[in-house]
Every structure is written in structure tokens, then in C-alpha cells.
Amino acid sequence: MRVRYQQEKVVEPNATWASDFEAAPKREDGVETTTLSGMEVRPLYTSGDLSTRPEEVPGQYPYTRGIHPGGYRSRLWTMRQFSGFATAEQTNNRYKYLLASGQTGLSVAFDMPTLMGQDSDAPTSRGEIGHCGVAIDSLADMETLFAGIPLGTVSTSMTINSPAAVLLCMYLAVAEKQGVPFTKVNGTLQNDILKEFIAQKEYIFPPEPSMRLVVDSIEYCAKEVPRWNTVSISGYHIREAGSTAAQELAFTLADGFAYVDACIERGLAVDDFVPRLSFFFDAHIDFFEEIAKFRAARRIWARRMREKYGARDERSWKLRFHTQTAGVSLTAQQPELNVARTAVEALAAVLGGTQSLHTNAMDEVLALPTDKAARIALRTQQMIAYETGVANTVDPLGGSYFIENLTDRMEEEAEAYFERIDSFGGVIPAIEAGFMQREIADSAFRHQQELEQKRRVVVGVNEFLSDEDEELEILRIPLSLEQEQVERLREVRRTRDSASVSRTLEQVREAASSPGKNLMPHILDAVRARCTEGEIMGAMVDVFGLYTEKAII
Amino acid sequence: MVEQRDPSVRHLLESLGGTVRPARVVGLTGAPGTGKSTLADSLVALLRSRDQAVAVIAVDPNSPFTGGAILGDRIRMQRHALDPKVYIRSMGARGHMGGLSVATREAIRLMGAFGFDWVLLETVGVGQSELEVAAIADTTLVVLTPGQGDGVQMIKAGIMEIADVFVVNKADLPGAQKTVQEVRSMLSMAALLPPRSAGKAGDGAKTWRPPIVTAIALKGEGTREVMDAVEKHQQFQKSSGEAGQRAEARLKDEAADLVGEWARAEARRLLDTEPALSSRLLRDRVPYAAAEEILTRQGRELVPEAARSRDP
Amino acid sequence: MASRAPVRPLRIVMAKVGLDGHDRGVKVVARALRDAGYEVVYTGLRQTPEMVVDAALQEDAQVIGLSLHSGAHMTLFPAVVEELRKRDATDIVVFGGGIIPDEDIAELKQLGVAELFTPGTPLQDIVEWLRRRFPDSQPASDA
């Protein structure tokens, strides 16, 4: 489905502009005038740069200008700040603080051992507990995490991948305890295993069983938890690993197509599950490039869903996404400047029409955010929403010669990548051949070289340095916390019924060995029996094995 | 020590010399992406299950410009990470002729001395490296995957001649059978040519026909069959006397390479330190006279000091 | 320029210790070190201190470079140094990079980590540091 847009020749309508520009002084700082991703940017764009295409309207196919006719006039984006640290209890307090401050949805960050399916008392968890998120070992911790928070009304996003099914079952078990029917449970699970193989590397099982588990969760939720967004197909991590904007766009959408293919193969009807797939993108610092990327994403997804997959439900055509401002753009030097960077990036996400947004705190380069930094990050979104006026009209940059031209080019680059991925035989063969990983490693290295040659500037890092660097107060996780968490875990192990534990784990193992079975109900049973995350994951590792990547440098 | 080309390694190796049973060397070669490291990992696991001690030498190319290298093959063998009877060593192929071969042979000898039963020698399979591996290994595996380009790939200079065993890896991919067929037909064409086992005085009946084994290294499938083929080949070499012939040929190669390495190093040193020699060279503008002078001048010692024989 | 007898380039084992999988930095550094003429043995993700030291010994490396972004550096970096001590290999130099707050640097150095490179450090700085530290290990020149 290669796309090439008809463009009229680049015309300078005012013939004297060209010679005026020639004669005008040029900057001599040696800084690149291409986008951060290396796309060409001319000094001027005019009506001649618009392609010949029927005018697009928000809320109408192919949704380039937005999936809703009224945009933010109907409803503002969800201000969803990702957070979690240390213990379930401390995180619970932070959630209540954020909800009271006006945050409209919860987002859970888990610690490394939890992300990697390990219990807090595993030897590999030493030194890692609670640092980059909250430690969750069993249902008991999950209950503490959401104590006093009504899961029937608050929507929660959980950022977890390989063990996602387990954590989702824990969440459902908490809702069950609160008396909330599954049909009312609302939220998102990241659950995007393909990008783990490509970029974030939090994989556990090999690709095949990993995909099976994802499809199991999609199938289960389509029937039992219809308001749940089953996968947040992510580009953020791909971008943070060093990809260009076009690569982020292409690899993410390609992953999306792969999930759709896998579910169709399972026998699910397209319109039964596609409406619950969502996306997660990065908002980096090159302002216009990001906006073009978001618009191109909507257009590409809509066309594919309708024309290739034959989806008939409009909701299947509409790409919904969450955005996070780029962690990788934050600096440790003169960190207060990160507030400004985040604001610019957030603005790009809003002008790109994001459905929900997380803004980084200024001290996140070094550690988890303090209360103050977290508050400023949230206030930044509120300032944009209520003070700047950008939410008053839908897709305000639509029609801009530059933006429309850039959107078209973004789309073309993505399509070129789709072809290359297809030539490998699809996403998984491409991953195993190391294709995406190589592209990412190459552009990461290129970027670093540009920085060192000062062809790109990062204020405070390679230019405009400052001697007086303020000492930032950093949130520290005391090591004593590890012991506390391990104690809590031991208590759970002591007080539960070991017969149910062995029985339910055996059932998980059995279901895992039977490709026709859906693992979700069995994992749910194990969760209810107070099996730990490590035990449930361990039972699946017994069947699926572990994955070792082939490193592409 | 061996990699540093420290000449005194000679004395170490001589003292260990004939008292040790040498390790059996299996070479793995093939184009990048065919799964050699994964196969090596599988073979290590199998050999370990038989309580054999295994060393793996994984060779990656050095950059010809900077001399640096990124050596990443260990990663595929994580599960053997803390096993004391598995030794994994990455080596950069320093890019010049002979350097890799001598250093690697010395390393292999040392490994035999330290009690390793097997050495797996894995190379990237670009340029000349296949031939270098085959010259060193007792048994050479050539690893292919389905759909790996066309038949032209396979006729790549020397591949057919050096393979003792063909492994078609990733055999679960489409086209696996076709690849097996292609190799088979190549082999039957090659069979019409004089046998590769040289020096056998025309004994055509006793030639080794390289078997074609399919495998899915990622799943550990086919590993046993590969090992069986290797052991059959080793048996054949022993009984046909080929083992002895190859060993002889190898030692000769190695001696010649060593002469080259020592002479080259000394020549370099002399050219830098004897003004008479270098000015002659500059006058001539061609190297012949200078080279002849270096090699033939009486009393000239071309063996590096630390390597000289200690016999009186 | 006098031609030298081939000298072995410096061997550096680069590893990510702990569970964290952010490998952009370690890969970029690995490439830069290769371009500077060093031999880099990349041991990949999820290495334990024992695995890293084992690899360094097998590979006869003179340097170990550790990368960590998950906040566990105060446990894992010193653990590597300790493991080197146990294996009587304290001549191997350890440096680290990743998310490391300034205030931790002094303590890590006291515990035996030779140098730490925080976010934003130019690659050249790392290369220069290695060159100063190991002036005799010139990149391999062809003989």
C-alpha cells in the first residue's frame, strides 16, 4: 500500500523571495536545519507544498485532523501522570495526592523486579526493589495499592509487559473484592511485548509464547472486560532507544498490525478487538516533527484498518493514543530547564491531538520525582489546557503548508519501512533478523555524533554550560525498604493456603502447555489463591522457556 | 599471552608439548545470521551433558581502519556463564594473514593442555575466514539457512570444498527442504571432481561424503544429529588415516605461518632501526633487494629474542 | 611514524548489570570505543556481578564498563568490585555509566569504581580517560 502524494512543483509564488533569501544573511552556528530525525526542512513552505488531496475534517475518515469532531472542545485530554515507587502504601498515598490535585486517571509504574516477573525475595531483586516503581508481589500488595480508590470510577493504566496478564488479573481481583463488575472496569494495559524485543528489553519468554499470551488477554477482555484497553502499542520506548520519528511511527504501527494479524489468526473478528487497541507515543523536542507524526499515525491506521483489514466499525479506524514527553530530552545539567522542555513537548502532543498525556518532572533524569517536581509537571498540563487557548479549536495547525507537507512525508517514510519489514516476512522475522534494532542503534549513534560535533545543541550539555549547577533534591529509596517488602512477602506466603497455591500453579502450567486454552482464567485463579507474581511467571517459564536476545550493537 | 603474540609462549607450549591429548576442534562457519552462535550454544549444552569440557573461540572481525572490534558472541551462550568447564573466548580477527591462524592454534593447544576435550571455533564467515577455520579445525561445519540467497551463495569460493558436515539451521522456515536438495545436488556435482582429500594416492573408495543435517538450534533440535555427524567424521579421519595427513598438513601450514610472522616482525624492526637498510630501500624504490638482504645476510637472526630456542 | 610490532588493543568488557534493559547508552559507548581502536566484549543484558567478572577473566580484559539505569547502582557496582577482589583480580579497572546522581559518585569511587560517567558526557571524554589511564595500549596497527 505504497503511498506517494501528488505534489505540485515547489513554487515560490513571490519570485523575489528566492533572491531576497539568497541575499539575506545566514546563520553560521553550524547547527543542523533538518528535523531532529534528519528530515529536510526548507526555509519556506507555500501552498505549492500541499498535495492534491480532498480536504480533511476531524472526526471523519481518515482522521488526520483528529478522531473526534469536537476535539478538546468536547473533552480535554486525560492528564495521566505515570507514577509509582517504593511500597504499595507509599504509592497509594501519592495517588490520592494526585487525584486530589486534579489528575483524572491513574497510571502505575512498577519496579524492576515486578516488571521482570520476579518476587522481591529473589536473589536478582537485591538492590532493585522500589527504585523505578512500586513493588508488587501478590494480590495483597495490589489491594494496598488501590485501597480507598474506587476502581469502578477511576481508570488505571498499568505499564507492564511480559507479566501484564498477571497484573491485570490482580487488578480484576481487587475490583472483584470492591464489588465492581468486570464490565465496569476501565483502564489500559501496556502489554506490548513486541517492542520489548525491539527496544525496552523487558522480555521473558520467547516471541511465540509471548504473542500467545497477548492474544489470550485480548480475547479474554473482548468478552469479559469490554471497557479495558488491552494493549498500548508503544513507540515511546523505541524512540527513547534512539530511533527517528519515522522509525517510531513505522515500527509501532507495524507492531500494531502484527497484533491484529495474530488475533485474526486466533479467530477473533476485527471489530471485536481493534477498538480496544490503543497507542503510546513519545513527544520529543523537535516541535513540528512530532505533530506531523501524530497526524500521520491516525491517517495510516485508519486506511489500513478499513482497506486492508476490512474493519467496518468506525471505532476500529480511530487511532487513540497516550503520549509521554521525551525522557531522553531531559538533562541532568541545569535541570530546571527541563520544565520548559516538557512544556514544549506537551504542547506538541496537544496540537497533535493526544487522548491522554504524561508530562515528565524536571528531576527525572536522576531519580523518581519529588512531590514538588511532580506537581509542576501536572500544572504544566493544566496551564496548557486552560491558559493558552490551544484547546479551543480542533487541529489548529491543519492547513499549515509546512505541517501538511511534513505529515505527508512522515507517512511516506513509514510506508517505506512497512515494505522493508514485509520483505523479512513480517515483524517477528524482522525482529529476529535484528532489523529494527539495527536501525535504532544506527540512529542513536548518529545522533550522538551530531551532538559531539555540535551540529545539534542541547542547552547546558554541549552549549551554554553553567558552572553553578543547583543541587537538586532527589527522592531516595532507602535500602531498609527492601527488607520490609520481603517481610510482607513472607507474611503472604505464611498465611495463604498452600494446597490452592500448588493446584492453581499446576493449572497454569497445564494451560500453558495447551495451545488451545486461554491462560487468563487460570492466572486469575492463581492470583486469587495468593500465588505470587514470581510463582505464576515461573510456572509459565517452566513451559515456555526464557529468551536470550541476539545483541545488535 | 597468545593474543599479544608474546613469543615466549613457545617455551610454555613446548614444555606442555606431547604429554597432553589435544582437544578436538570443530569449526563452525557460515554467513552472518545463520545461527552459528545458537548452534554452538546447543552443542556446548550437549557436550556438557556428557561431562565434556568445552572451550569456545568466537572470532569477530576487527575494523580495518581503527583496529577496534565489538565482540558479542558470548551473549548467545549465557546459560553456560558460570560453568567452570565451559570457557568462552572472543577474539578479534586482526585482519592480516596468518595472524589469526597462529594465535588461534596456540590458544587451541593451550586449551587442550588445560584439559578441554573440545574446542568450538566459530567465525563470521566473510572473506577468507572460512578457509582459515577449515585449515585449523578437525571437522568443519558449514551452517546454512533456508532462503539464504540463491545457489550462487553456495558456490562461494571454497565452501563446498571445506565442509565436512552441512547444517541447514532454522529448518522450520519455508524452503528448508529445497536448501537440502540444493546442497545435495551441489555435492553430487562435486563428487564428479577429484576427491578433496589430497595425498591419498588415488584411493577414491574412501572419501568422506559430507552429510546434510537439519536443525532448529533455537529449540535445540538436531543438535544430537549434528554431534553424531561430527563424531562419525572424526572416526573416519582416524580410520582412513586422514587425521594424520591433515595434522601433518596443518603443522606444516603452521610452521610456514610462523616463519612468516616471525620474519615479518623482525623485518619491520630492522627496517625501522637500520638506517643502511632503509636508505637502500628508498634508493631502490622497490622492495626486492632490501627483502633479500634481510633474509640472506649472514649472522642475521630473524627469530624474536624471547622465542629463541634455549638449547645450547 | 615508526611502525610498531603489533600490540594488543585494550580489552574492555561492557555489561549491563541488574534487570534494567536500557541499552542505548552502552551500545553507543561500545561503538565509540571500537572506533577508538579498542576491543569491546559486549556481554549483554541481565548480567550478575559474578557473570561480569567471569567474562572479564576469560576474556583477559583490563577494563570493565558497567551501565545501569534502574537505581540499583549502589548495590551492584560495588558488588562487581567485591567479586574482583574475591577472584584476586583487582588489577581490572571498573568504570560505570547511567543514571547516577552526583552525590553517589564519591562513595562509589571510595568503594573502588575508578570513574563514573553521567548523562550528557561526551563519548570523547570516556575515550580520553581510557587513553590516559592506559597509555601503552595503543590500538592494533597492522604489522
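Look a little higher up for the structure.
Below is a summary of the structure that appears in this document. Residue positions are counted from 1 within each chain, in the order its sequence is given. Numbering of ligands from 1 and lettering of chains from A proceed in the order in which they are written. Two thresholds apply to this predicted model, a pLDDT of at least 70 for residue-level local features and 80 or more for giving and counting side-chain atom pairs, whereas whole-chain, interface and lining totals are computed over all residues. Values shown for side chains rest on all heavy atoms present in the structure; no hydrogens or waters enter the calculation.

**As for the pattern of salt bridges**
All names here are of chain C.
Then step 1. Whenever Lys or Arg places a side-chain nitrogen within 4 Å of a carboxyl oxygen from Asp or Glu, that contact is recorded as a salt bridge. Counted by the stated rule, this structure contains 68 salt bridges over all chains.
Then step 2. Salt-bridge contacts for Glu 82 lead to Arg 85; the nearest nitrogen and oxygen are separated by 3.0 Å. Residue Glu 82 and its partner Arg 85 are both found in helix H3 (residues 73-86); the two are separated by 3 residues, about one turn of the helix.
Then step 3. Overall, Glu 82 belongs to the partly exposed group, its relative accessible area being 35%. Only DSSP runs of H or I reaching four residues or more are called helices, and only runs of E reaching two or more are called strands; each is numbered from the N terminus. Per-residue accessibility, obtained with a 1.4 Å probe over protein chains only, is compared with the maximum for each type, and a residue is labelled buried under 20%, exposed over 50%, and partly exposed between these values.

**Considerations on the sheet that holds strand S2 (residues 82-83) of chain A**
All names here are of chain A.
Then step 1. DSSP bridges decide pairing: two strands pair if at least two such bridges lie between them. One open sheet accounts for 5 strands, arranged S2-S3-S4-S5-S6; its pairing is parallel. Of all strands in the sheet, those bounded by a partner on one side alone are S2 and strand S6 (228-229).
Then step 2. Sheet topology places strand S3 (residues 106-109) next to strand S4 (residues 156-159); 4 bridges connect them, and they run parallel. Residue pairing across strands places Ser 107 opposite Ser 157, the latter belonging to S4.
Then step 3. Contacts between residues were defined by any pair of non-hydrogen atoms, one from each residue, lying within 4.5 Å. With axes taken as lines fitted to C-alpha atoms, and helix axes fitted only over the stretch in contact, angles between N-to-C directions fall between 0 and 180 degrees. Sitting on the sheet, helix H5 (residues 164-178) is in contact with S4, strand S5 (187-189) and S6, with an inclination near 150° to S4.

**Concerning the packing of H5 of chain A against helix H21 (residues 533-544) of chain A**
Residue and element names in this part refer to chain A.
Then step 1. Between H5 and H21, the shortest axis-to-axis distance is 10 Å and the interhelical angle comes to 135°. It follows from the interaxial angle that H5 and H21 lie oblique. Crossing handedness for the pair H5 and H21: right-handed. Each of Val 166, Leu 167 and Met 170 in H5 lies in contact with H21, whose residues at this interface are Glu 533, Ile 536, Met 537 and Met 540.
Then step 2. Split into classes, the residues belonging to the contact of H5 with H21 amount to 6 nonpolar, no polar and 1 charged. Small angles under 35 degrees read as roughly parallel and large ones over 145 as roughly antiparallel, with 65 to 115 read as roughly perpendicular and the rest as oblique. By definition, turning the near helix anticlockwise from the far helix through less than a right angle yields a left-handed crossing, and turning it clockwise yields a right-handed one. Asp, Glu, Lys and Arg are counted as charged, while Ala, Val, Leu, Ile, Met, Phe, Trp, Tyr, Cys and Pro are counted as nonpolar; the rest, among them Gly, fall into the polar class.

**Some thoughts on the sheet that holds strand S10 (residues 356-358) of chain A**
All names here are of chain A.
Then step 1. Sheet architecture is open: 5 strands sit in the order S1-S10-S9-S8-S7, paired in parallel fashion. This sheet does not close on itself; its edge strands, each paired only once, are strand S1 (78-79) and strand S7 (231-234).
Then step 2. With 2 bridges connecting them, S1 and S10 associate as parallel partners. Bridge pairing links Thr 78 to Ser 356 in S10.

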